[in-house]
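Listed here are the chains, written in short residue letters.
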Amino acid sequence: MTLTDSAPAPAAVAPKLDKSAKIFVAGHRGLVGSAVVRRLRILGYTNLILRNHSELDLTNQSAVKTFFSLEKPHYVILAAAKVGGIHANNTYPADFITINLQIQTNVIDSAYRYGVKKLLFLGSSCIYPKHAPQPIPESALLTGPLEPTNEWYAVAKIAGIKMCQAYRLQYKWDAISAMPTNLYGPNDNFHPENSHVLPALMRRFHEAKVSGAKEVVVWGSGSPLREFLHVDDLADAVVFLLENYSDLGHVNVGSGKEVSIKELAELVKEVVGFEGELVWDSSKPDGTPRKLMDSSTLAKLGWEPKVSLKDGLVDTYKWYVTTQ
Ligand SMILES: NC(=O)C1=CN([C@@H]2O[C@H](COP(=O)(O)OP(=O)(O)OC[C@H]3O[C@@H](n4cnc5c(N)ncnc54)[C@H](OP(=O)(O)O)[C@@H]3O)[C@@H](O)[C@H]2O)C=CC1
Ligand SMILES: C[C@H]1O[C@H](OP(=O)(O)OP(=O)(O)OC[C@H]2O[C@@H](n3cnc4c(=O)[nH]c(N)nc43)[C@H](O)[C@@H]2O)[C@@H](O)[C@@H](O)C1=O
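Residues numbered from 1 in each chain as written. Chains lettered and ligands numbered in written order. Predicted model: local features only at pLDDT ≥ 70, side-chain atom pairs only at ≥ 80, totals over all residues. Heavy atoms only, no water.

- As annotated in an unreviewed UniProt entry, the protein chain is GDP-L-fucose synthase from Ambrosia artemisiifolia.
- What the UniProt record of the protein chain gives under Pathway (unreviewed entry) is the line "Nucleotide-sugar biosynthesis; GDP-L-fucose biosynthesis via de novo pathway; GDP-L-fucose from GDP-alpha-D-mannose: step 2/2."
- UniProt's Catalytic activity (unreviewed entry) comment on the protein chain is quoted here verbatim: "GDP-beta-L-fucose + NADP(+) = GDP-4-dehydro-alpha-D-rhamnose + NADPH + H(+)". (UniProt positions renumbered as here; feature names shortened; annotations may be inferred.)

Have a look at this one:
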């Protein structure tokens, strides 16, 4: 069954959200979940349900069922996942596919069974083929082979999109999916090896500045292009979609601007104030050469990003320094 010959989806009219609606934000201590909580609070949502990983392990099916049966949230934003940069994805493929399949399957199925009105699933731009046309439209999904460094994570994320579509088609249940580009901001993971490029470089430049080191190592060739979006913009888009979008297709969420890793490294270096040299480690993988998303579907719905990369980096570095 394809999207065009499938049974009609339920009405593409988003439900009106009450500010006192019970909203479960899964993964609320992470980069995305914490930004979504900030955004919901700014907008006046008062009834957020939050559980730490230690309070509720979302890979545990029976614990997830019990949680939903007792709490009965009205809405769910699924921002809990096993997440990491190119090295983590490449090194722990079993964790990335299994943990993500478990979390999303447990949460999506229980949300449906225990009466959640609407669920928003978060995927990632890595769902698209390695050599997808640029900028990448939503229709590029499943049109070619994936980037090998993150195919296990991507397969789990594609399954999440398909699960949302399947429940919409079979049960007329309102599950939607948003596909963010590479994100950054407060509460990011700054692990030296397992994080994404932007927090990894911010930490490395900062530590080099503090220690007076002359050089900083940057992975790969510097030529790959990436599109970065500040997590506050992403959180704004997530709540916008929850409030305004109810349809079968997943929706890209990007900034529309791309930079090379070399340009990014120079910009982070400037923001941090490191004055030494960059050394490129060509033994590390470049990953996908380019992944600029076409976010015109979201733009046509009336949403646009606000935070420039420079401003977002300054803001993130301030946060990083004050939380060290
Ligand atoms: N960061 C990025 O650049 C991008 C992220 N995304 C997507 O956004 C979503 C959120 O990512 P991000 O915020 O960056 O990730 P983080 O790693 O910052 O946060 C993930 C959250 O999930 C929680 N979590 C992980 N495993 C479990 C579990 N078994 N049970 C309960 N909670 C769990 C973590 O809790 P704890 O810390 O306690 O383990 C954490 O709060 C993901 O779906 C990701 O694919 C999409 C595109 C880009
Ligand atoms: C969001 C997205 O994130 C991942 O895909 P990625 O975009 O390739 O992620 P990345 O941020 O780790 O790397 C981007 C580029 O940057 C280079 N790079 C330089 N120096 C460092 C460095 O120090 N650390 C890291 N991590 N990368 C570095 C690195 O070699 C690569 O060329 C997937 O997990 C995928 O699943 C996903 O969804």
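Having seen it, we continue.
1. Overview of the environment of Lys72
Then comes step 1: You can see Lys72 is positioned in the loop between α2 (61–71) and β3 (75–78).
Then comes step 2: Judged by relative accessible area, which is 45%, Lys72 ranks as partly exposed.
Then comes step 3: Between the C-alpha atoms of Lys72 and Gln324, which are 252 residues apart in sequence, the distance is 38 Å.
Then comes step 4: Apart from residues no more than four positions distant in its own chain, Lys72 is found in contact with Lys22, Phe67 and Tyr114.
Then comes step 5: There is a polar contact of 2.9 Å between the side chain of Lys72 and the backbone oxygen of Ser69. (Helix = DSSP H or I, 4+ residues; strand = E, 2+ residues; numbered from the N terminus. Buried < 20%, exposed > 50% of the residue type's maximum accessible area, 1.4 Å probe, protein only. Contact = heavy atoms within 4.5 Å. Polar contact = N/O pair within 3.5 Å; in protein donor to acceptor, adjacent residues only side chain to side chain.)

2. Let's talk about the site of ligand 1
Then comes step 1: Around ligand 1, a shell composed of 25 residues is seen, among which Leu31, Val32, His53, Tyr153 and Lys157 lie nearest.
Then comes step 2: In this structure, an oxygen atom belonging to ligand 1 sits 3.2 Å away from a main-chain N or O atom of Gly30.
Then comes step 3: In the model, an oxygen atom of ligand 1 is placed 2.8 Å from a nitrogen or oxygen of the His53 side chain.
Then comes step 4: Notes on ligand 1: free accessible area 890 Å², of which the protein chains cover 85%.
Then comes step 5: For the shell around ligand 1, the elements supplying multiple residues, two or more each, are α1 (31–42), α5 (151–171) and β6 (182–184).
Then comes step 6: Here the shell around ligand 1 is built from residues that sort into 13 nonpolar, nine polar and three charged. (Near = heavy atom within 4 Å. Areas by Shrake-Rupley, 256 points an atom, 1.4 Å probe, with all protein chains shown as cover. Nonpolar A, V, L, I, M, F, W, Y, C, P; charged D, E, K, R; others polar.)

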